[in-house]
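# Notes for the structure review
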Amino acid sequence: MERRPLLAGNWKMHTTVAEAEDLARAIIQSQIPADRDVLLAPPFTALSAVGKVISGSAVLLGAQNVCWEEKGAFTGDISPTMLKDVGCSMAIIGHSERRQIFGESDAMINKRVAGAMQHGLTPILCIGETLDERETDQTFRVLEEQVRNGLAGIVLGSGKKIIVAYEPVWAIGTGKTASVGQAQEVHLFVRELLATMYEKNIASEIRILYGGSVNPDNVDDLMGQDDVDGALVGGAALKADSFGRIINFNK
Ligand code: PEP
């Protein structure tokens, strides 16, 4: 099954509007091969401005989170319709920083996934084990729980799509990357799990991204793995030259 690679930049809580515009401008100037998707996920304050910079290019706009409700008393959150309004097509959900720093539970993440899909945003559901969980052999149990709970009640197929991002918590922002073997092992596990939850052909279409200190030096090896369908990139997405190289990974 050919899955179209997706290279996504998660800018986290970085960039003023002017910095975001400059970075987006520089990224769309890099050569982007036609056989892959590129997504930029700037902070909420810069979504509209970045959306304008990338309009007319092939680059996609994504949000770093999304609420399940369209509007109302949800101070500090942002609605799927607001994100669609500024041109977002995807939303990162369940990032480990949301889980760990802001206490987002699987149940809340599940509501976010459902809300995004209901409004036509493709969720990028992030999952990942901590170092302690890996060292105590709980990786697969934890990932299975996050996938099952995050996707509880979610129907896929007939145009309803999700993306999964495997981001081992110990590899995020630490400079430590999962080995290609560790990444492939988990991605295959997740795909097989998805095949038990959905149909096999649906599972084989789901893009599973790897995230955790992806950089210009390791992207080619990671992308060379059968079940690694893209990358969710933090630090290295904040510089146009390194993200440009990541976008141009060699297969
Ligand atoms: C991330 O936050 O999604 C991430 C993978 O960060 P980094 O690339 O900096 O490890």
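We now turn to the structure provided with this report. The structure presented is a predicted model; accordingly, all values stated were derived computationally and were not measured.

Turning next to the pattern of salt bridges. Under the defined criterion, the tally for this structure stands at 17 salt bridges. Residue Asp 22 pairs with Arg 25 through a salt bridge whose shortest N-O separation is 3.0 Å. With a gap of three residues between them, Asp 22 and Arg 25 both fall in helix H1 (residues 17–29), about one helical turn apart. Using a relative accessible area of 48% as the deciding quantity, one classes Asp 22 as partly exposed. Where Asp 77 meets Arg 112, a salt bridge forms, and the shortest distance between an N and an O atom there is 3.1 Å. With Asp 77 in the loop between strand E3 (60–63) and helix H3 (80–85) and Arg 112 in helix H5 (residues 106–118), this pair connects stretches of sequence that are 35 residues apart. Connected through salt bridges with shared partners, the residues Arg 3, Arg 191, Asp 227 and Asp 229 form a single ionic network.

Once that is clear, we can look at empty space enclosed by the protein. As enumerated under the stated definition, the model contains one cavity of 30 Å³ or more in all. Every residue lining the largest cavity is listed: Gly 94, Ser 96, Arg 99, Cys 126, Ile 127, Gly 128, Glu 167, Val 169 and Ile 172. Each residue belonging to the lining of the largest cavity can be placed in one class, and the counts come to four nonpolar, three polar and two charged.

The subject of this paragraph is the packing of H1 against helix H11 (residues 240–247). Two elements in contact, H1 and H11, have axes separated by 9 Å at closest approach and are oriented at 40°. Regarding H1 and H11, the two cross each other, and that crossing is right-handed. Mapping the contact onto sequence places Leu 23, Ala 26 and Ile 27 in H1 and Ala 240, Phe 243 and Ile 247 in H11. For the contact of H1 with H11, the class distribution of residues is six nonpolar, no polar and no charged.

Quick look at the pairing of strand E4 (residues 88–93) now. Counted residue by residue, E4 has five buried out of six residues, so it is predominantly covered. Here E3 pairs with E4 via three bridges, running parallel. Note on E4: the bridge partner recorded for Gly 62 is Met 90. You can see the chain leave E3, run along H3 and come back into E4, and the turn it takes is right-handed. Pairing analysis gives four bridges linking E4 to strand E5 (residues 122–127), with the strands arranged parallel. Pairing of Ile 92 across the sheet is with Ile 124, part of E5.

The rules behind each value
- Residues numbered from 1 in each chain as written.
- Predicted model: local features only at pLDDT ≥ 70, side-chain atom pairs only at ≥ 80, totals over all residues.
- Heavy atoms only, no water.
- Salt bridge = Lys/Arg side-chain N within 4 Å of Asp/Glu carboxyl O.
- Helix = DSSP H or I, 4+ residues; strand = E, 2+ residues; numbered from the N terminus.
- Buried < 20%, exposed > 50% of the residue type's maximum accessible area, 1.4 Å probe, protein only.
- 1 Å grid on protein atoms, 1.4 Å probe; cavity = no way out; pocket = protein on both sides within 12 Å on 5 of 7 lines; lining within 4 Å.
- Points joined across faces, edges and corners; volume = space filled by probe spheres on them.
- Nonpolar A, V, L, I, M, F, W, Y, C, P; charged D, E, K, R; others polar.
- Axes fitted to C-alpha atoms, helices over the stretch in contact; angles between N-to-C directions.
- Left-handed = near helix turned anticlockwise from the far one by under 90°.
- Contact = heavy atoms within 4.5 Å.
- Pairing = 2+ DSSP bridges.
- Right-handed = clockwise from strand over helix to strand, strands pointing away.

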